[in-house]
Amino acid sequence: MAVLGTSYAFAQERTLYWGSSNPDVSLLQQQLKNWGYYRARVDGVFGNATQQAVINFQRLNGLVPDGVVGASTWSALGYSPGENVSYHESVGVSRGVTNRDEIYLLARVIEGEAANEPFAGKVAVGAVILNRLRSALFPHTLAGVIYQPHAFESVANGQYNRPASQESLQAAAMSMNGWDPTGGALYFWNPAKAISPWVWTKNIISQIGRHIFAR
Amino acid sequence: MKDKRWFIFIIGFFVVLAGVGFWGYRQSTERRQLEVILNNNYYRTFYELTENVQYLTVLLSKILVAEAPNQDRLIFMEIWQRANAAQINLTQLPLPDTMMIRTSKFFTQVGDYAYSFFKADTPVVKTKEKWETLNRLYKKADSLNTELADIEKQLTQGKLYLSELKEGVSGVIQREKPKLARASFKDIEKHMEDIPVLIYDGPFSGHLEKRKPRAISGAKITAPRAQSIALTFMEQQSSNGKYQVKKINLDRGKIPAYRVELVSRPLLSKKDRITLAVSQQGGQVLWLTKARKINRPQISLAKAREIARRYLEVRGYKDMVPVYFEVIGGMVIFNFAATQDKVVLYPDQVKVTVALDTGEVTGFEASAFFMTHYKRKLLPPRLTVTQARKKLSPRLQVRSKGRLVVIPTGPEREKLTYEFQGQLDKDTFLIYINALNGQEEKLLRVVRNKEGILTL
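Residues numbered from 1 in each chain as written. Chains lettered and ligands numbered in written order. Predicted model: local features only at pLDDT ≥ 70, side-chain atom pairs only at ≥ 80, totals over all residues. Heavy atoms only, no water.

## Side note on the overall build of chain B
Phase 1: On a plain count of helices and strands, chain B comes out with 9 helices and 16 strands.
Phase 2: Evaluated residue by residue, chain B yields a buried proportion of 47% over its 456 residues.
Phase 3: A separation threshold of at least 6 residues defines the contact pool for chain B, and within that pool the share at least 24 residues apart is 58%.
Phase 4: Split by element, the accessible area of chain B, about 24200 Å² in all, is 56% carbon and sulfur. (Helix = DSSP H or I, 4+ residues; strand = E, 2+ residues; numbered from the N terminus. Buried < 20%, exposed > 50% of the residue type's maximum accessible area, 1.4 Å probe, protein only. Contact = heavy atoms within 4.5 Å. Areas by Shrake-Rupley, 256 points an atom, 1.4 Å probe, with all protein chains shown as cover.)

Below, the structure is given as structure tokens:
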């Protein structure tokens, strides 16, 4: 059923440097050429051009740019990893640099869910949505959380399509920047409305306006 | 004559009837088409889920026997991807958002756990405990796989349906009506009860939920004490005027706190309400919000920044440096980071919002700061700034001198780095070079627009 792509089956351990000349050098040159670091002929001789390509490759891949192909460079090239290989964490945009579209989407859901709530209650609804993003229990993207079926009433009935007010926009921006009046809530509900009895098993944190917040 | 009128009437009646019938027919076909489109989407998601769980099961069984480190790494990477994809599929099915949380958590943690192996600096070591954990995860995935296969069978036989919008089979003649698949999913969720607690180095690790605030200490305070702290905090700058407490609640969030509601005295507007939270332990002001309509901007960003800086300084936040700002909805949000011996501590941030019409401070946020702030033991850098600069890509046009900063590199993990700003064509990047070993730790791209920019 499931077939794993096999890794490169080269048991490559040999260190290469300026002056090396063996089949491994060809392998190195070919790979560097494939990735656009090396432009000269693949001739199996580690010369100046090869060394420059290796240094460029190392620099751009977070390796020590010494022009020597050791275990970590081999590994970064996609061949058998030696010891002490460093893999980079997925690179993302900083938390501070927020996506404007996401603020507007969040603002519309806040408007749909909490238009008549006090300001702190609006920020709190935004915070719950963002707390879900960081929770293992919920989807890990904003759109995933907002459009999860049955998650938000105003999304299910289309009410969130109304334009957001200035206040909802402010609330969205503030929750994106870390304001969380709920102190980590994952759920909120209006006790006056028909709700599943299940919610009352959650740990209630607070009530802000007409909403109860819990985790 | 009379007969003719009757005749016209009857003809008219049938024309209208035919019209209504045609309209109704059109409506029902359209509705059926929409149902089919919607249901097809749900079915696709479901089949993707079963496929991902199948792969996940096989991969988890493989990892139990794989021995070569590079083989391990590959398998862990694929587990990570499959588990993530399965989690996305699951949360897109038309089930109540609270129904599948354990299963959802299972996928998230399996993925995150596998990723922690994948990204580890040292070759993967599967200790006995880790092997046991993986084995238990495999068993869980395996039974999940079986249960999903069972649901799949019933779906294809028409005994179950996914969406609450039934396909047009709601006929009267059917002997056994199809049932909503929800109940079957509920069973799956029930069997997820005893998944092991996973502790590892990843953002969804089990131990992080119980994190304690680092900068909160001291005795518990009473509600009246919280009120007076709130009032002092508000009235610290005389221009803010006088306030009166309207309401006070004790909230049981991550940092238990009194939530105090204030109104200005004399009351200017009914909506002009300020909410702020004072931590129960230690009596620290955690956050503040004030809502009001903001009119046309009158003050410059530089002026607003100075107001924000001063606001913090008066309240005891010294040596804070502005690191980022964002203009939205008539206000500006400034992020300030703490410093220690001139080293910027990015994890420890306090935020202040300033209304751009009058320059009034309308928001303050320090709860994240109280979670992370403490006096670091900073090792002296082993690289000079010149040495660090040499590690940058030669393609970058370096624009900044470089400064020492502490950046978060994972939950509860930080590194001392040099921060450089560089340019490649029109894109701006921030590059973080480890000040101890010269490794590139992080690479951020700065998104500039007229409302926000990372300030350096």
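## Considerations on the overall build of chain A
Phase 1: Counting secondary structure elements, chain A contains 8 helices and 3 strands.
Phase 2: For chain A, the α and β elements follow one another from N to C terminus as α-α-α-α-α-α-α-α-β-β-β.
Phase 3: Split into buried and exposed, the 215 residues of chain A put 52% on the buried side.
Phase 4: Taking the intrachain contacts of chain A between residues at least 6 apart in sequence as the baseline, contacts between residues at least 24 apart amount to 55%.
Phase 5: Entry remark: accessible area of chain A is about 9600 Å², with carbon and sulfur atoms responsible for 51%.

## Focus: the confidence of the model for chain B
Phase 1: Per-residue confidence for chain B averages 86 on the pLDDT scale, and 92% of its residues sit at or above 70.
Phase 2: Note that pLDDT drops below 50 for residues 167–174 of chain B; the model gives that stretch 7 contacts with residues more than four away or on any other chain. (pLDDT = per-residue confidence, 0-100.)

## Quick notes on the packing of helix α4 (residues 128–156) of chain B against helix α5 (residues 182–191) of chain B
Residues and elements named next belong to chain B.
Phase 1: Between α4 and α5, whose axes approach to 10 Å, the crossing angle comes to 170°. For the element pair α4 / α5, the angle class is roughly antiparallel. Here α4 contributes Lys140, Leu144, Glu147, Leu148 and Ile151 to the contact with α5, which in turn contributes Ser184, Phe185, Asp187, Ile188 and His191.
Phase 2: Partitioned by chemical class, the residues of the contact of α4 with α5 number 5 nonpolar, 2 polar and 3 charged. (Axes fitted to C-alpha atoms, helices over the stretch in contact; angles between N-to-C directions. Parallel < 35°, antiparallel > 145°, perpendicular 65-115°, else oblique. Nonpolar A, V, L, I, M, F, W, Y, C, P; charged D, E, K, R; others polar.)

## Observations concerning unusual backbone geometry
Residue and element names in this part refer to chain B.
Phase 1: One non-glycine residue, aspartate 341, adopts positive backbone phi at about 50°.
Phase 2: Its location among the elements puts aspartate 341 in the loop between β8 (331–340) and β9 (343–355).
Phase 3: You will see that aspartate 425, though not glycine, has its phi angle at about 55°, which is positive.
Phase 4: Within the element layout of this structure, aspartate 425 appears in the loop between β13 (413–424) and β14 (427–434).
Phase 5: On the accessibility criterion, aspartate 425 (71% relative accessible area) is exposed.

## Some remarks on the side chain of aspartate 112 of chain B
Residue and element names in this part refer to chain B.
Phase 1: In this structure, aspartate 112 sits in helix α3 (residues 101–118).
Phase 2: Despite being buried, aspartate 112 has no salt bridge partner; lysine 119 is the closest side chain of opposite charge, sitting 6.7 Å away.
Phase 3: Those residues in contact with aspartate 112 that sit more than four places away from it in its chain are Tyr200, Gly202, Pro203, Phe204 and Ser205. (Lys, Arg positive; Asp, Glu negative; His and termini not counted. Salt bridge = Lys/Arg side-chain N within 4 Å of Asp/Glu carboxyl O.)

## Digging into the sheet that holds strand β3 (residues 211–214) of chain A
Residues and elements named next belong to chain A.
Phase 1: Ordered by their spatial adjacency, 3 strands build an open sheet running β1-β3-β2, and the pairing between neighbours is antiparallel. The open sheet has two free edges, formed respectively by β1 (187–189) and β2 (204–208), since each of these has just one partner strand. With strand direction ignored, the average angle separating the axes of adjacent strands in the sheet is 20°.
Phase 2: Where β1 lies against β3, 3 bridges are found, and the strand directions are antiparallel. Each residue of the ladder has a partner; that of tryptophan 189, found in β3, is isoleucine 212. (Pairing = 2+ DSSP bridges.)

## A few points about the environment of glycine 283 of chain B
All names here are of chain B.
Phase 1: With respect to the element layout, glycine 283 can be found in the loop between β5 (273–279) and β6 (285–290).
Phase 2: A relative accessible area of 12% means that glycine 283 is categorised as buried.
Phase 3: Between the C-alpha atom of glycine 283 and that of lysine 220, which follows or precedes it by 63 residues, the distance is 7.5 Å.
Phase 4: Not counting residues within four places of it along the chain, the set of residues in contact with glycine 283 comprises Ile221, Ile229 and Val278.

## So, a nonpolar patch on the surface
Phase 1: Side chains of Trp6, Phe9, Ile10, Phe13, Phe14 and Leu17 of chain B sit close together on the surface and give an oily, nonpolar patch of about 690 Å² of accessible area.
Phase 2: Following the sequence through the fold, phenylalanine 14 of chain B ends up in helix α1 (residues 2–65). (Patch = residues over 30% accessible without salt bridge, like charges linked within 9 Å, V, L, I, M, F, W, Y side chains within 5 Å.)

## Considering the pattern of salt bridges
Residues and elements named next belong to chain B.
Phase 1: Per the stated rule, a full pass over the model turns up 22 salt bridges over all chains.
Phase 2: Among the salt bridges present, the one from glutamate 51 reaches arginine 82, with a minimum N-O distance of 3.9 Å. Taken together, the positions of glutamate 51 in helix α1 and arginine 82 in helix α2 (residues 69–92) put the pair 31 residues apart, joining distant regions of the chain.
Phase 3: Residue classification places glutamate 51 among the partly exposed positions, given a relative accessible area of 40%.
Phase 4: Each member of the salt-bridge network shares a partner with another, and the members are Asp251, Arg259, Glu261 and Arg273.

## Notes on α5 of chain B
Phase 1: Burial in α5 of chain B covers these residues: Ser184, Phe185, Ile188 and Glu189 of chain B. Projected down its long axis, α5 of chain B carries its buried residues within an arc of 150°, all on one side. (Arc of directions from axis to C-beta.)

## Describing α3 of chain B
Phase 1: Look at α3 of chain B: 25 Å from first C-alpha to last across 18 residues, which is about the 26 Å you get at 1.5 Å a residue.
Phase 2: Here α3 of chain B lies mainly inside the structure; 16 of its 18 residues are buried. (Expected span 1.5 Å × (residues − 1).)

## Digging into the pairing of β8 of chain B
Residues and elements named next belong to chain B.
Phase 1: Counting buried positions along β8 gives 9 out of 10 residues, so the element sits mostly inside the fold.
Phase 2: For strand β7 (residues 321–328) and β8, the ladder comprises 7 bridges, and the chain directions are antiparallel. Following the sheet pairing, glutamate 326 is matched in β8 by isoleucine 333.
Phase 3: Linking β7 to β8, which pair antiparallel, is a turn of 2 residues; within it glycine 329 sits at a positive phi near 55°.
Phase 4: Where β8 and β9 come together, 10 bridges link them in antiparallel fashion. Looking at the pairing, phenylalanine 336 lines up with valine 350 of β9.
Phase 5: Between β8 and β9, which pair antiparallel in sequence order, lie 2 residues; one of them, aspartate 341, sits at a positive phi of approximately 50°.

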